[in-house]
Structures are given as structure tokens and as C-alpha cells.
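Here is how the chains run, residue by residue.
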Amino acid sequence: LANAPRTVQLAVSKKALRRMRQKLAEHFGERWPTTTTTDMVMEYIKPLTAGKHCRLAELPEFLHEDEIGRPTYFISHAWKAPADILFSRIDDFLGDADDSTCVWVDCFAVNQHSGEGVDHNQNQEDVGAFEDVVIASEGGTLVVVADVERFNPATRGWCIYEWDYTILHHGPDGLHMPLNSSSDRTTLVASIDVTKAECFMEADKEMILQKVALHHNSYEAFNNKLKLQLLLEPLSYKVDTEQHLLRSQHTEWRFIEVQRWMEGDKRALCVVGEGGTGKSTISAAMIKEWQSKPNQ
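Here is a short report on the structure shown in this document. Bear in mind the structure is a predicted one, so any value in this text is a computation, not a measurement. (Residues numbered from 1 in each chain as written. Predicted model: local features only at pLDDT ≥ 70, side-chain atom pairs only at ≥ 80, totals over all residues. Heavy atoms only, no water.)

### Some words on the overall build of the protein
Turning to step 1, where the next piece is worked out: A tally of regular secondary structure across the protein gives 13 helices and six strands.
Turning to step 2, where the next piece is worked out: For the protein, the C-alpha radius of gyration of 21 Å lies close to 19 Å, the compact-globule estimate for 296 residues.
Turning to step 3, where the next piece is worked out: Seen through its principal axes, the protein has C-alpha atoms that stretch 70 × 45 × 40 Å.
Turning to step 4, where the next piece is worked out: Counting only residues that meet the buried cut, the protein has 46% of its 296 residues in that class.
Turning to step 5, where the next piece is worked out: Taking all contacts inside the protein whose residues are at least 6 apart in sequence as the whole, residues at least 24 apart take part in 77%.
Turning to step 6, where the next piece is worked out: When the accessible surface of the protein is totalled, it reaches about 16,000 Å², and 49% of it is carbon and sulfur.
Turning to step 7, where the next piece is worked out: Distance between charge centroids for the protein: 4 Å, based on 31 positive and 44 negative side chains. (Helix = DSSP H or I, 4+ residues; strand = E, 2+ residues; numbered from the N terminus. Rg over C-alpha atoms; globule rule 2.2 N^0.38 Å. Buried < 20%, exposed > 50% of the residue type's maximum accessible area, 1.4 Å probe, protein only. Contact = heavy atoms within 4.5 Å. Areas by Shrake-Rupley, 256 points an atom, 1.4 Å probe, with all protein chains shown as cover. Lys, Arg positive; Asp, Glu negative; His and termini not counted. Charge placed at Lys NZ, Arg CZ, Asp CG, Glu CD.)

Written as C-alpha cells, this is what we have:
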């Protein structure tokens, strides 16, 4: 992606997101808890960027150069859901990740002016670059689910489009969809039907359906793949494993006893200890070590 579109470079850091959230809360005041992502764009982002007709992430007085970069995660979300929940879910998911970890959010990285005041339709170009952004997002896609009953991302055509490309380029482990409860999971799974997904423009839906059929041979195959993904709880250990490995990246491990166990006839190896002593970390290190040894 050496010649990737500019929008690919406009993911926002975890630290910057926290500062943006505070600014938005101050701006909207008592309205902030119910302010939707659409309200945020129409009432704050568009007026703020109107003078330069640029993307919010390109506004130097709002975001510093060291607060943007290539994305670790692509953020998939349903518009019209509360904006504060968008920030909250991202922050919760990133957990102990470094403050410089960047996520790509369309509200901030896409030019919201639909070609107004520029020589070409930059908004359309940015939307057309979604696949490039998904490919560049090494950690895959985080699906933000606010209220499944009211803002179900599985019923939104563009969300389906993003999930399709995530599975295509990153495989099943690339799709992260934390849910609040088993009932939310049940509702989401029951609602998955790519042919019924909604788009504002009918042409967009036709394009999305064509891509899904091309990538998965049929709509039913894609629906079934997504449902299976969501029924497997947790969806993936990939993020947890990477965080544990990051914490122990300068540790020198001695796996002599583990190697002996691998070569022996004992069926199970127990990792035991008090809370906080590193059981998960050493388990992640062992998994990485032996994943690199295909014959074991």
C-alpha cells in the first residue's frame, strides 16, 4: 500500500480520541450523552472544517501531526447511534494498548463536504478507499455495537461491506465484535441477512451484494459464515494474546520443561499460580513459540 489514498494515513491515536471526546462533551454540554454520530458530523465536524473543506484529521489546530497515522484497527459502526458510546467502546477495547495505537473512524478520516469547495469529490474518493483502509488495519476491524435493538450494524449495508472485506483480507480472527450480553448476540445473529441490509442509495446496495457474492460464492454462504463467527464466543484471542506478548517482549523464556512435556506422553500441561503472576503472559509466549514449530 505504498501508493495508498491519503485517508489511509488518517487514523487517530488512542490518546487523541480521549481528548476529542472531552472537547465534544464540552461543546454539546447536556446534549452529549444523546448526541448521535450524525449530529457530531453535521453540527461540529462540518462547521469546524468548512473553512478548509478538509477532513477533521487534517485540521492542524484540532489534531497534532503525531496524533494521526496508519490504522491498527478499522472501526465499523452504525451511524445515528450515540457518539459517546462510539468513543467508549473503542477505549474499552484498546484497554492497555499504547496511547499511540491508531484507529480509523470514518467521521474523522473522510472528507464530509461531498465535493463542496474542492476540485473533485473527495468524499466519494475516501469512501471508495474503505478496502484500502481495511487492508492497512493490521489488527482487523472492531465493530462497535451500541444498542442492538435500535442501532443494529448487521442491518446496515456499509457495515456488511466492511465485514466482508475484513474476513476476505484478515480472516476470521480479524473481525472483533464485543457484545454486552448473550441476548445481544442472539439478536444480532438472527438479524443477519445481507440481502435485507439497508443502504441510503440503492446503487450502493447492489454493489455490496455483488462483492459479497464474488467473495463468498453466495449470499447464504456469507450469512452462514458471519453467524458462525458470532456464535463462537469469544470471537478471537488474537488481541489478548498480542497484548500479553507486548508486555513480555524483552523477556527471555526458558521452555526446557515445556519442551520435555511436548516430547513426552502426558496429555495436559497446567499453568498455575496466584492472580497477577503472569499465567496468561507465559501461556501466550508458549503458544507463539510452538506455533512456529509446525511439527509439534
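### Here's the deal with the nonpolar core
Turning to step 1, where the next piece is worked out: Grouped together as the largest cluster of nonpolar side chains are 71 residues, with contacts concentrated most on Met20, Ile75, Ile90, Phe108, Ile160, Trp163 and Met177.
Turning to step 2, where the next piece is worked out: Judged by nonpolar contacts, the second largest core, of five residues, contains Val258, Ala285, Met286 and Trp290. (Core = buried A, V, L, I, M, F, W, Y, C linked by side-chain atoms within 4.5 Å.)

### Topic: the sheet that holds strand S1 (residues 11–13)
Turning to step 1, where the next piece is worked out: Pairing within the open sheet is mixed, and its six strands lie in the order S2-S1-S4-S3-S5-S6. Sheet topology places strand S2 (68–69) and strand S6 (175–176) at the edges, where each strand pairs with a single neighbour.
Turning to step 2, where the next piece is worked out: Sheet topology places strand S5 (residues 141–144) next to S6; two bridges connect them, and they run parallel. Bridging across to S6, Leu142 finds its partner in His176.
Turning to step 3, where the next piece is worked out: In this fold helix H1 (residues 14–28) packs onto S1 and strand S4 (102–104), with an angle of close to 85° to the strand it touches most, S1.
Turning to step 4, where the next piece is worked out: Running at roughly 135° to S5, helix H3 (residues 83–94) makes contact with strand S3 (73–77), S4, S5 and S6 of the sheet. (Pairing = 2+ DSSP bridges. Axes fitted to C-alpha atoms, helices over the stretch in contact; angles between N-to-C directions.)

### A look at empty space enclosed by the protein
Left-over empty space is what a probe sized like a water molecule reveals as it rolls over the atoms.
Turning to step 1, where the next piece is worked out: Scanning all chains against the criterion turns up one cavity of 30 Å³ or more.
Turning to step 2, where the next piece is worked out: For the largest cavity, the calculated volume is near 70 Å³.
Turning to step 3, where the next piece is worked out: Thr37, His77, Ala78, Ala81, Pro82, Ile85, Leu86, Val144, Val145, Ala146, Phe151 and Pro153 together form the lining of the largest cavity.
Turning to step 4, where the next piece is worked out: Of the residues that constitute the lining of the largest cavity, the class distribution is ten nonpolar, two polar and no charged. (1 Å grid on protein atoms, 1.4 Å probe; cavity = no way out; pocket = protein on both sides within 12 Å on 5 of 7 lines; lining within 4 Å. Points joined across faces, edges and corners; volume = space filled by probe spheres on them. Nonpolar A, V, L, I, M, F, W, Y, C, P; charged D, E, K, R; others polar.)

### Observations regarding the packing of helix H8 (residues 182–191) against helix H10 (residues 219–231)
Turning to step 1, where the next piece is worked out: Following both chains from N to C, one finds H8 and H10 inclined at 175°, their axes separated by 9 Å at the closest point. Considered as vectors, H8 and H10 are oriented roughly antiparallel to each other. Contact with H8, carried on its side by Arg185, Leu188 and Val189, involves Lys227, Leu230 and Leu231 of H10 and no other residues of that element.
Turning to step 2, where the next piece is worked out: Of the residues contributing to the contact of H8 with H10, the split by class is four nonpolar, no polar and two charged. (Parallel < 35°, antiparallel > 145°, perpendicular 65-115°, else oblique.)

### What to know about the side chain of Thr166
Turning to step 1, where the next piece is worked out: Relative to the elements of secondary structure, Thr166 occurs in helix H7 (residues 157–170).
Turning to step 2, where the next piece is worked out: The exposure class assigned to Thr166 is buried, which follows from its relative accessible area of 0%.
Turning to step 3, where the next piece is worked out: Of the polar contacts made by the side chain of Thr166, one reaches the side chain of Thr141; its length is 2.6 Å. (Polar contact = N/O pair within 3.5 Å; in protein donor to acceptor, adjacent residues only side chain to side chain.)

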